[in-house]
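Now for the letters of each chain:
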Amino acid sequence: MARRPKTKKKRPPFGIPKEIVLLTGQDVWPYRFIADDSGGGCGKVSMPSDAAPEEVQTAIFTQLADLTRMFHGVEIDVEWSSLTPDSWVGHIRDVTAEESAPPGVVPEDG
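What counts, and where the lines are drawn
Residues numbered from 1 in each chain as written. Predicted model: local features only at pLDDT ≥ 70, side-chain atom pairs only at ≥ 80, totals over all residues. Heavy atoms only, no water. Pairing = 2+ DSSP bridges. Helix = DSSP H or I, 4+ residues; strand = E, 2+ residues; numbered from the N terminus. Axes fitted to C-alpha atoms, helices over the stretch in contact; angles between N-to-C directions. Buried < 20%, exposed > 50% of the residue type's maximum accessible area, 1.4 Å probe, protein only. Contact = heavy atoms within 4.5 Å. Salt bridge = Lys/Arg side-chain N within 4 Å of Asp/Glu carboxyl O. Core = buried A, V, L, I, M, F, W, Y, C linked by side-chain atoms within 4.5 Å.

This part covers the sheet that holds strand 3 (residues 40-45). The strand order 3-2-1-5-4 describes an open sheet built from five strands, whose pairing is antiparallel. Edge positions in the sheet fall to strand 3 and strand 4 (76-84), since each of these pairs with one other strand and no more. For this sheet, the mean angle separating the axes of adjacent strands, direction not counted, is 20°. Bridging between strand 4 and strand 5 (residues 87-94) involves eight bridges; their strand directions are antiparallel. The partner of V78 across the bridge, within strand 5, is I92.

Listed below in C-alpha cells is the structure:
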C-alpha cells in the first residue's frame, strides 16, 4: 500500500498581535507589533509627516487585521492611546471569541 508523504503544516510567520507601537517620522512612520508568541514584527508606513495620526493608525491596523485574518482566521480590534506627543500604542483584542459567544456569556480576558 502506498503511503502519502507527510506534510508539515506551515506555521504562520507571526502570532496573533497583542500590541502596536507607532512613532512619528519624516515621510515614514515606523511601527512595531508584539504578538502572543513573543514574536512580532516591524515596518514603516509611507505617509507625510503632517498626516493625521488617525490615518496612519488606520493604515497599519488594516494591514495587520487582514494578515491576522488570513493566517489565523481571527478578527481583531484595536484601541489606541497616546504614549508621548509623537508616539502611540494600540492595544489589540481578539473579537472572534466575543462574536461567537452565546448571548449572555461574557468572554474571559486572556
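Relative to the helices and strands, G90 resides in strand 5. In this structure G90 comes out as buried when scored by relative accessible area, which is 0%. Along the backbone, G90 and V21 are 69 residues apart, and their C-alpha atoms lie at a distance of 6.4 Å. Beyond its immediate stretch of four places on either side in the chain, G90 contacts K18, E19, I20, V78, E79 and W80.

Within the fold, T68 resides in helix 1 (residues 53-72). We classify T68 as buried; its relative accessible area is 0%. The contacts of T68, once residues within four sequence positions are left out, are F14, I16, P17, G73, V74 and I76.

Time to look at the pattern of salt bridges. Inspection of every chain in the model, using the stated rule, returns three salt bridges. Put simply, R69 and D66 hold a salt bridge, and the shortest N to O gap is 2.8 Å. Note that R69 and D66 are positioned in helix 1 at a spacing of three residues, about one turn of the helix. Looking at D66, the relative accessible area reads 40%, which means it is partly exposed. The shortest N-O distance in the salt bridge between D77 and R93 comes to 3.4 Å.

Our focus in this paragraph is the nonpolar core. Membership of the largest hydrophobic core comes to 20 residues, with the highest contact counts inside it found for W29 and V56. Listing elements by their share of this core, those giving two or more residues are strand 1 (17-23), strand 2 (29-35), helix 1, strand 4 and strand 5.

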